[in-house]
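Residues per chain are reported as follows:
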Amino acid sequence: DTPPTITALDPIEVECIEDVPAADITLVSATDNCVGPLTVTHVGDVNNGATCPATITRTYRVTDACGNYAEVTQTITVDDDTPPTITALDPIEVECIE
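What you see is a predicted model, and the numbers here were worked out from it, not measured in a lab.

Definitions and cut-offs
Residues numbered from 1 in each chain as written. Predicted model: local features only at pLDDT ≥ 70, side-chain atom pairs only at ≥ 80, totals over all residues. Heavy atoms only, no water. Pairing = 2+ DSSP bridges. Helix = DSSP H or I, 4+ residues; strand = E, 2+ residues; numbered from the N terminus. Axes fitted to C-alpha atoms, helices over the stretch in contact; angles between N-to-C directions. Salt bridge = Lys/Arg side-chain N within 4 Å of Asp/Glu carboxyl O. Buried < 20%, exposed > 50% of the residue type's maximum accessible area, 1.4 Å probe, protein only.

**Let's talk about the pairing of strand β5 (residues 54-63)**
The side chains of a regular strand alternate, residue by residue, between the two faces of the sheet. With eight bridges connecting them, strand β4 (residues 39-47) and β5 associate as antiparallel partners. Residue pairing for β5: V40 is matched across the bridge by V62. Where β4 folds back onto β5 in an antiparallel hairpin, the turn is made up of six residues, including G49, whose phi is positive at roughly 80 degrees. Where β5 meets strand β6 (residues 69-78), ten bridges bridge the pair, whose relative direction is antiparallel. Following the sheet pairing, A54 is matched in β6 by V78. Following β5, the chain reverses through five residues before pairing antiparallel with β6; G67 in that reversal takes a positive phi of roughly 90 degrees.

**Remarks on the environment of E18**
Here E18 lies in the loop between β2 (12-14) and β3 (30-31). Considering only alpha carbons, one finds E18 and V78, 60 residues apart in sequence, at a separation of 9.5 Å.

**Notes on the sheet that holds β6**
Strand pairing in a sheet relies on backbone hydrogen bonds. The paired strands run either parallel or antiparallel. The four strands lie next to each other as β2-β6-β5-β4, forming an open sheet whose pairing is mixed. Only two strands of the sheet have a single neighbouring strand rather than two, namely β2 and β4. Strand-to-strand twist across the sheet, computed as the mean angle between neighbouring axes with direction ignored, equals 20 degrees. Examined bridge by bridge, β2 and β6 share three bridges and lie parallel to one another. Its bridge partner lying in β6, I12 is registered against I76.

**Remarks on the pattern of salt bridges**
Evaluated as defined, the whole model comprises two salt bridges. We note a salt bridge from D45 to R58, for which the minimum N-O separation is 2.9 Å. Of this pair, D45 sits in strand β4 while R58 sits in strand β5, placing them 13 residues apart in sequence. For D45, a relative accessible area of 37% puts it in the partly exposed group.

Structure representation (structure tokens):
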């Protein structure tokens, strides 16, 4: 009746939402007090809906052979702190102001 023990996951910081890595169950490390298989699943991602920064909470679950489980979350911060670039415009010459 003892749930597995999961090692905490490091937070991730990216600049753009498209840089958020896909969920990866191989990153989750867990142990159990009994011999038997441990099953790791990605429960889901929850975006707080904010922008600059946005926070995504990614949850993984580890379940042992008897159905006991523990969950671990990973914080993903999306914060674009790079200003946009702009190309200079060519000068324009005219004869009259109007």
